[in-house]
Amino acid sequence: MKYSYEQLEQFDKQYVWHPFTQMKAYVEEKPLIIERGKGSYLYDVDGNRYLDGYASLWVNVHGHNDPELNEALHEQIEKISHSTLLGSANVPSILLAKKLVEIWGGNLSKVFYSDTGAAAVEIALKMAYQYWQNIDPVRYKHKNKFISLKEAYHGDTIGAVSVGGMDLFHRIFRPLLFERIEVPSPYVYRMDEYGDEEEIVNYCLKQLEETLEQRHEEVAGMIVEPLVQGAAGIITHPKGFLKGVEKLCRKYNVLLICDEVAVGFGRTGTLFACEQEDVEPDIVCLGKGITGGYLPLAATLTTEEVYSAFLGEVHENKTFFHGHTYTGNQLSCSVALKNIELIEKRNLVSDVQRKAQALAGKLQKLYELPIVGDVRQKGLMVGIEIVKDKKTKEIFDRSEQIEHKIILEARKRGLIIRPLGPVLTFIPVLAMKEEEMEIAVDILFDAIAEMVKIKQI
Ligand SMILES: Cc1ncc(COP(=O)(O)O)c(C=O)c1O
């Protein structure tokens, strides 16, 4: 039976509680109900088509409904969909682990699977903590804290929220969380008083060094989103910051955890963001783009050194007691493997670099609009900060919902994007064509211009 838009709308509003969504406002609007996708486009149940300017929450790599990815899934589903990885193995998870280690191409040699980015982060935190306890529980008894950046976002489970630094999302949960040590992050647009990019990086690293000097004996690890803090509003870090963090972690004997959940798999113009600063973390979290946007899968990669600390006799209890029911799921792993093969075969990473450059030129015209304060870009991750006043950088009151109204204007014109606070984000399907991206930027321009007109700015 085919349901009409009206019926689906009614069921949606009656039964579904949407994530990160104020439902009181949601039920007053007409929901976007997606039925299918092809390439860079999403189609709603009435057949209207939209450019996917948020890559379906930053996951989509090759476009929707890719014949080769579909084929990989069909092939696997004919064999088996799932069997457990607890104490036994399966073919796609073995081959994918081998591939992940090969494409990382550095110091990481072991893969621990899970199913969401937040879980990959939980695993990284527990792994880092237990690593120190396993190697010397007396000497490292106080190493039970983590450092993270101001405005950090690492997912929504309690451990991941504990290392989060976004007041809006995380403040309410503080009483439930473990203690975190916050250090400043180089948010250049809003740090005028600290000088130029280089001075801002130096300031942030100096603060980190002072913190580590005083507290390194309590710190198990530092977690960082390499190059770009995505959920914070596409805060792009100037060159040298990540490398500086790595050096300080080494100097003060603290594990470095790089959360590549958002930036991994080509998004920033290299396969992994860490490559751009030649950084070798102790632990890396992967998710989102790992399956090309097909199925939930995440992975935590680590070094031989960390892994070896967990080896021992069964009764020694050095085992990593962590695992999820769907860990290493065959369907997810087989589509992830094909996704990576296609990234290589289709030269996706160099394609992203080329398109990112063209996009950078196109984006400049947004500055003509009186409410565009900053346009930040790394690869195919773009943040457009909306301000009431370009000089003071004051933002609009949240109650005005300006950014939400802009995305509705964009949707009317055939583009789906999402705001993060005062920042509009454009995170296209990685394989989006240059012409399609040009259309998207024109729509963005028109949608913001419409808001300028309505507000008579
Ligand atoms: C950097 C980073 N880490 C972790 C996560 C959490 O991933 P998931 O939503 O798959 O749990 C996200 C999600 O946006 C993220 O951007």
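About the cut-offs
- Residues numbered from 1 in each chain as written.
- Predicted model: local features only at pLDDT ≥ 70, side-chain atom pairs only at ≥ 80, totals over all residues.
- Heavy atoms only, no water.
- UniProt positions renumbered as here; feature names shortened; annotations may be inferred.
- Helix = DSSP H or I, 4+ residues; strand = E, 2+ residues; numbered from the N terminus.
- Rg over C-alpha atoms; globule rule 2.2 N^0.38 Å.
- Contact = heavy atoms within 4.5 Å.
- Areas by Shrake-Rupley, 256 points an atom, 1.4 Å probe, with all protein chains shown as cover.
- Lys, Arg positive; Asp, Glu negative; His and termini not counted.
- Charge placed at Lys NZ, Arg CZ, Asp CG, Glu CD.
- Pairing = 2+ DSSP bridges.
- Axes fitted to C-alpha atoms, helices over the stretch in contact; angles between N-to-C directions.
- Domains from an automatic or database assignment.
- Buried area = accessible area lost by both parts, 1.4 Å probe.
- Salt bridge = Lys/Arg side-chain N within 4 Å of Asp/Glu carboxyl O.
- Phe/Tyr/Trp six-rings, centres within 6.5 Å; stacked < 30°, edge-to-face > 60°.
- Lys NZ or Arg CZ within 6 Å of the ring centre and 35° of its normal.
- Core = buried A, V, L, I, M, F, W, Y, C linked by side-chain atoms within 4.5 Å.
- Buried < 20%, exposed > 50% of the residue type's maximum accessible area, 1.4 Å probe, protein only.
- Expected span 1.5 Å × (residues − 1).
- Arc of directions from axis to C-beta.
- Near = heavy atom within 4 Å.
- Polar contact = N/O pair within 3.5 Å; in protein donor to acceptor, adjacent residues only side chain to side chain.

Per an unreviewed UniProt entry, the protein carries the name Adenosylmethionine-8-amino-7-oxononanoate aminotransferase and comes from [Anoxybacillus] calidus. As recorded by UniProt, the Catalytic activity (unreviewed entry) comment attached to the protein reads in full: "(8S)-8-amino-7-oxononanoate + S-adenosyl-L-methionine = S-adenosyl-4-methylsulfanyl-2-oxobutanoate + (7R,8S)-7,8-diammoniononanoate".

Participant: How would you explain the overall build of the protein if you had to name every residue and give the values?
Facilitator: Secondary structure assignment for the protein yields 15 helices and 17 strands. The globule rule puts the C-alpha radius of gyration for 457 residues at 23 Å, and the 22 Å found for the protein is close to it. Seen through its C-alpha atoms, the protein measures out along the principal axes to roughly 65 × 60 × 45 Å. Within the protein, contacts between residues at least 6 apart in sequence are counted, and of these 70% link residues at least 24 apart. Total accessible area on the protein stands at roughly 21000 Å², and carbon and sulfur atoms take up 53% of it. Once the 53 positive and 66 negative side-chain charges of the protein are each reduced to a mean point, those two points are 2 Å apart.

Participant: Explain the sheet that holds strand S16 (residues 418–420) to me, using residue names and the numbers behind them.
Facilitator: Within the open sheet, the 4 strands sit side by side as S13-S14-S17-S16. Their pairing is antiparallel. Strands with a single pairing partner mark the edges of an open sheet, and in this sheet they are strand S13 (372–378) and S16. Going from strand to strand, the sheet's axes swing by 25 degrees on average, the running direction of each strand aside. Bridge analysis of S13 against strand S14 (residues 381–386) gives 6 bridges, and the strand direction is antiparallel.

Participant: So, the domain arrangement of the protein: which residues are in play, and what are the values?
Facilitator: Each assigned domain of the protein is listed here: domain 1 (32–62 + 347–455) and domain 2 (71–345). Taken residue by residue, the interface counts 33 residues in domain 1 and 32 residues in domain 2. Across the domain 1 to domain 2 interface the summed buried area is about 2700 Å²; carbon plus sulfur atoms make up 58%. Taken together, the connections running from domain 1 to domain 2 amount to 2 salt bridges. The residue Glu 385 makes a salt bridge to Arg 190 at a minimum N-O spacing of 2.8 Å. Elements with a contribution of two residues or more to the side of domain 1 that touches domain 2: helix H3 (55–58), helix H13 (348–363), S13, S14 and strand S17 (423–426). Looking at the side of domain 1 that touches domain 2 element by element, the count peaks at 5 residues for S13.

Participant: Break down the packing of aromatic side chains for me, with residues and values.
Facilitator: With the rule as written, the count across this model stands at 12 aromatic pairs. Ring centres of Tyr 153 and Phe 169 lie 6.0 Å apart, and the angle between their planes is 80 degrees; this geometry places the pair in the edge-to-face category. One end of the pair, Tyr 153, is in the loop between strand S5 (145–149) and helix H7 (158–162); the other, Phe 169, is in helix H8 (residues 167–170), with 16 residues separating them in the sequence. In textbook terms, an aromatic cluster arises when at least three aromatic residues are bridged by ring pairs, as seen for Tyr 3, Phe 11 and Tyr 15. The side chain of Arg 36 reaches across the aromatic face of Tyr 43, ending 4.1 Å from its centre.

Participant: Tell me about the nonpolar core, residues and numbers included.
Facilitator: Within the largest apolar cluster, 103 residues are counted, with the highest numbers of intra-cluster contacts made by Leu 100, Ile 384, Ile 386, Phe 426 and Ile 448. It is helix H15 (residues 434–455) that provides the largest number of residues to this core, a total of 10 residues. Among the domains, domain 1 (32–62 + 347–455) and domain 2 (71–345) are the pair contributing at least three residues each to this core. Excluding anything up to four places from it in sequence, Ile 448 contacts Leu 369, Ile 371, Val 372, Ile 384, Ile 386, Ile 406 and Leu 424. Grouped together as the second largest cluster of nonpolar side chains are 26 residues, Ala 160, Ile 257, Val 261 and Cys 285 included.

Participant: Hey, could you go over H13 for me, with residue numbers and the actual values?
Facilitator: Each turn of an α-helix holds 3.6 residues, which means side chains three or four residues apart point in the same direction. Counted at 1.5 Å a residue, the expected span for H13 with its 16 residues is 22 Å, and the 21 Å between its end C-alpha atoms agrees. Among all positions in H13, only Leu 348, Val 349, Val 352, Lys 355, Ala 356, Leu 359 and Leu 363 are buried. What you see down the axis of H13 is that its buried residues fit within an arc of 120 degrees, all on one side. Where H13 is buried, its residues meet helix H12 (330–345), S13, S14, S17 and H15.

Participant: Residues and numbers for the sheet that holds strand S2 (residues 41–44), please.
Facilitator: Taken in spatial order, the 4 strands of this open sheet run S1-S2-S3-S15, and their pairing is mixed. The open sheet terminates on both sides in strands that have one partner only, identified here as strand S1 (34–38) and strand S15 (415–416). Note that S1 and S2 share 4 bridges and pair antiparallel. Across the sheet, the residue bridging to Gly 37 is Leu 42, located in S2.

Participant: Requested: an account of the pairing of S2, with residues and values cited.
Facilitator: On S2, burial covers both faces: Tyr 41 and Tyr 43 on one face and Leu 42 and Asp 44 on the other are all buried. Pairing analysis gives 3 bridges linking S2 to strand S3 (residues 49–52), with the strands arranged antiparallel. Its bridge partner being in S3, Leu 42 is matched across the sheet by Tyr 50. Between S2 and the antiparallel strand that follows it, S3, lie 4 residues; Gly 47 among them carries a positive phi value of about 90 degrees.

Participant: Describe the site of the ligand, and please don't skip the residues or the numbers.
Facilitator: If you check the shell around the ligand, you find Thr 116, Gly 117, Ala 118, Tyr 153, His 154, Gly 155, Glu 225, Asp 259, Val 261, Ala 262 and Lys 288 and nothing else. The separation between an oxygen atom of the ligand and a polar main-chain atom of Gly 117 is 2.8 Å. At 2.8 Å from an oxygen atom of the ligand is found a main-chain nitrogen or oxygen belonging to Ala 118.

Participant: Residues and numbers for the UniProt feature "binding site: substrate" (unreviewed entry) in the protein, please.
Facilitator: Residues annotated in UniProt with the feature "binding site: substrate" (unreviewed entry) correspond here to Tyr 153, Lys 288, Gly 323 and Arg 418. Taking the farthest pair of C-alpha atoms as the criterion, the annotated set spanning 266 residues is dispersed, since that pair is 32.6 Å apart. Other than its neighbours up to four places away in sequence, Tyr 153 contacts Phe 20, Met 166, Phe 169, His 170, Glu 225, Ala 231 and Asp 259. Within polar-contact distance, the side chain of Tyr 153 engages the side chain of Asp 156 at 2.9 Å. Residue placement: Arg 418 occurs in strand S16. Take Arg 418: its relative accessible area is 35%, and that puts it in the partly exposed class.

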